Amino acid sequence: MNATAANVLPVVGLEIHVELATQTKMFCRCRNRFGDPPNTNVCPVCIGMPGVLPVMNRKAVDLAMKVGLALNCTVPPLTKWDRKSYYYPDLPKNYQISQYDLPLTVNGYLEIPLAEGAAKSKKVRIRRAHLEEDAGKSIHDHPHHTSVDLNRAGVPLLEIVSEPDMNTMEEVMAYARSMQRLVRWLGASEANMQMGHMRFEPNINLHITAQDGRTVQTPIVEVKNLNSFRAMERTVAYEIQRQLEAWRADPDGYTMDKLGKQNRGFDDARGVTVFQREKEEAHDYRYFPEPDLVPVEVDQAWQAATRATIGELPLARRARYMAEYGLTFKEADALTQDAPTGELLDSAVAAGAEARRCVNLLLSRGAALANERDCTIAEVGITVEALAELAKMLSDGRINATAAAKVFDLTVQTHQSPSAIAQEQGLLTVRDTSAIEQWVEAAIATNPQAVADVKEGGKKQKKAFGFLMGQVMQMSGGAAAPADVQRLLQQKLGG
Ligand SMILES: [Zn+2]
């Protein structure tokens, strides 16, 4: 018998693992760096030799706390380390140091933007964000054996656990992208998906109201280790559909009450999730306090010092740009994708440039170059001084928009000042009326038909006038001030 649902509400929570951008690992002094030859950043501590002692990396705790505070979490006065049983070759000491019952930060929220342009948002609650060490990597590229690279073993990992507050795909993706932007913004992680800096583990189930009014929940499915936004999007979409079909086929059996939680894996090639096992409960991991590390006391001074490093967060800055600089939502959003791009704008404005001119430059050539190079606008390499100077040249009418675009590219390439480049390239606006007058006369002399069309009036007049303007601009090499050309042309044509 196939059941019909009157109402289906997807319920999604997300665990996000973020590798922190520290110089060294969580409990030893090995380098924390992606891409080095296998097993070169290892020592007796992170490969789990007996008799060695871990030492906490305070910088990792600072960064984790910074993220927690930016997520509006509470930092309890005492936090401790626990051992979590873990039997895989990528962590040879057979346990992972993590945090169980006293995590570093708890009970916060992340505000996520919804419905682009409408400036709508939703608060997704954060249950906890705790620190642990990453495992190494098993490499399955050999036909007869698996090799293990332990460079990643012991890298500080922040696990951010949300409440199951997301009900649509849009919310899930907005939450994940906002988290990526936030940890990058705070300098806590590069959050590069290809390098595995950020991994997702969604928990998905459906709250179904059947047509007879009964409400049921499908089993909560946790999908492990998704390493791209695309994989997560496909996984969540697939699970919503799969669970609905599974419940329809067996409305009394396919429920949370009967089956409990489950782990599934995502098969990228086939685009499906595959059952792995019943989800383990905490007692399966046999957590117990890590005997080799003392608990961490976080006093008010430490917390305050960390809070002071946070600064203005993306949504607050976006709102300020709309209020202070009169930007549209879209413009303000584009300029707050990363922290340095906004800082570039703010500094140029502080140096006396007009905000609107700076924004136009950053969102035209800046964004185009960033797109070509697959980097942020700030990473294109325009300096505050060059941006401010170019904006001022535009405000003063010393350069037109077309020339400014050219100068923008050249100043990025050569690091010369915009005024020097404009001078050298002959891109400064010609305000010398006698020069423009000569071009105007030449244009009139060589285009009698257009002149006649203008004088005659009628429907060809506008087009003919535009044509003559174009001729003069061309003769000036684009350097004449269009307002001057228009005025002189009108005079000469007997306006
Ligand atoms: Zn080490």
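Just so we're clear, the structure is a prediction, and the values are computed from it rather than from any experiment.

**Quick word on the packing of aromatic side chains**
Next up, step 1: Throughout the structure, instances matching the rule amount to six aromatic pairs.
Next up, step 2: Ring centres 5.2 Å apart and planes at 25° place the aromatic pair Tyr-321 and Tyr-325 in the stacked group.
Next up, step 3: Under the relative-accessibility criterion, Tyr-321 is labelled buried at 0%.
Next up, step 4: Among the aromatic side chains, those forming a connected cluster through ring pairs are Tyr-100, Tyr-285 and Tyr-287.
Next up, step 5: Across from the ring centre of Trp-302, 3.8 Å away, lies the NZ or CZ of Arg-58, which sits over that ring.

**Description of the pattern of salt bridges**
Note that side chains of opposite charge can pair when their charged atoms are close.
Next up, step 1: Throughout the structure, instances matching the rule amount to 35 salt bridges.
Next up, step 2: Between Glu-324 and Arg-320 there is a salt bridge, with the nearest N and O atoms lying 3.4 Å from each other. On the criterion of helical spacing, the pair formed by Glu-324 and Arg-320 is a turn pair, its members being four residues apart in helix H7 (residues 314-324).
Next up, step 3: A relative accessible area of 22% means that Arg-320 is categorised as partly exposed.

**Examining the environment of Arg-31**
Next up, step 1: One can find Arg-31 in the loop between strand S1 (5-19) and helix H1 (58-70).
Next up, step 2: Placed 120 residues apart in sequence, Arg-31 and Asn-151 show a C-alpha to C-alpha distance of 8.4 Å.
Next up, step 3: With residues up to four places along the chain from it excluded, the contact list for Arg-31 reads Gln-23, Lys-25, Asp-36 and Asn-41.

**Brief notes about the packing of helix H10 (residues 355-373) against helix H12 (residues 401-414)**
Next up, step 1: Across the interface, H10 lies against H12 with an axial gap of 10 Å and an inter-helix angle of 50°. Of the possible angle classes, the one that applies to H10 and H12 is oblique. In this structure, H10 crosses over H12, and the sense of that crossing is right-handed. Residues Leu-361, Arg-365, Gly-366, Leu-369 and Arg-373 of H10 pack against Ala-404, Ala-405, Phe-408, Asp-409 and Val-412 of H12.
Next up, step 2: Here the residues of the contact of H10 with H12 sort into six nonpolar, one polar and three charged.

**What to know about the environment of Glu-281**
Next up, step 1: Examined against the element boundaries, Glu-281 turns out to sit in the loop between strand S14 (272-278) and helix H5 (282-285).
Next up, step 2: Residue classification places Glu-281 among the partly exposed positions, given a relative accessible area of 39%.
Next up, step 3: Sequence separation of Glu-281 and Ser-147 is 134 residues, and the distance between their C-alpha atoms is 29 Å.

**Structural notes on helix H14 (residues 433-446)**
Next up, step 1: With 14 residues, H14 should cover 20 Å at 1.5 Å per step; its first-to-last C-alpha distance of 20 Å lies within 8% of that length.
Next up, step 2: When we look at burial in H14, the residues that qualify are Ala-435, Ile-436, Val-440 and Ala-443. Down the axis of H14, the buried set is contained in an arc of 140°. They therefore lie on one face. Residues of H14 that are exposed and point more than 90 degrees away from the buried face comprise Gln-438 and Ala-445.
Next up, step 3: In the core, the buried residues of H14 are packed alongside helix H16 (461-475) and helix H17 (482-492).

Definitions and cut-offs
- The numbers attached to residues start from 1 for each chain and follow its sequence in the written order.
- Confidence filtering applies because this is a predicted model: local features only for residues at pLDDT of at least 70, side-chain atom pairs given and counted only at 80 or more, and all residues used for totals across whole chains, interfaces and linings.
- The side-chain figures draw on all heavy atoms in the structure; neither hydrogens nor water molecules are used.
- Pairing of aromatic side chains here covers Phe, Tyr and the six-membered ring of Trp, requires ring centres within 6.5 Å, and sorts the geometry by plane angle: under 30 degrees stacked, over 60 edge-to-face, intermediate tilted.
- Relative accessibility decides the category of a residue: with a 1.4 Å probe and only protein chains considered, values under 20% of the type maximum give buried, values over 50% give exposed, and everything between is partly exposed.
- Criterion for a charge above a ring: Lys NZ or Arg CZ within 6 Å of the ring centre, and within 35 degrees of the ring normal.
- The rule for a salt bridge is simple: a side-chain nitrogen of Lys or Arg has to be within 4 Å of a carboxyl oxygen of Asp or Glu.
- Helix and strand labels come from DSSP, where a helix needs a run of H or I of at least four residues and a strand needs a run of E of at least two; each type is numbered from the N terminus.
- Should any heavy atoms of two residues lie within 4.5 Å, those residues are counted as being in contact.
- Throughout, an axis means a line fitted to C-alpha atoms (over the contacting stretch in the case of helices), and angles, computed between N-to-C directions, take values from 0 to 180 degrees.
- Comment on the angle field: the value is read as roughly parallel under 35 degrees, roughly antiparallel over 145, roughly perpendicular from 65 to 115, and oblique elsewhere.
- Left-handed describes a crossing whose near helix is turned anticlockwise from the far helix through less than a right angle; right-handed describes the clockwise counterpart.
- Classes in brief: Ala, Val, Leu, Ile, Met, Phe, Trp, Tyr, Cys and Pro nonpolar; Asp, Glu, Lys and Arg charged; the others, Gly included, polar.
- Under the convention used throughout, the expected extent of a helix is 1.5 Å for every residue step, that is, one less than its residue count.
- It is the directions from the helix axis to the C-beta atoms that the arc portrays.

Keep in mind these values describe shape, not function.
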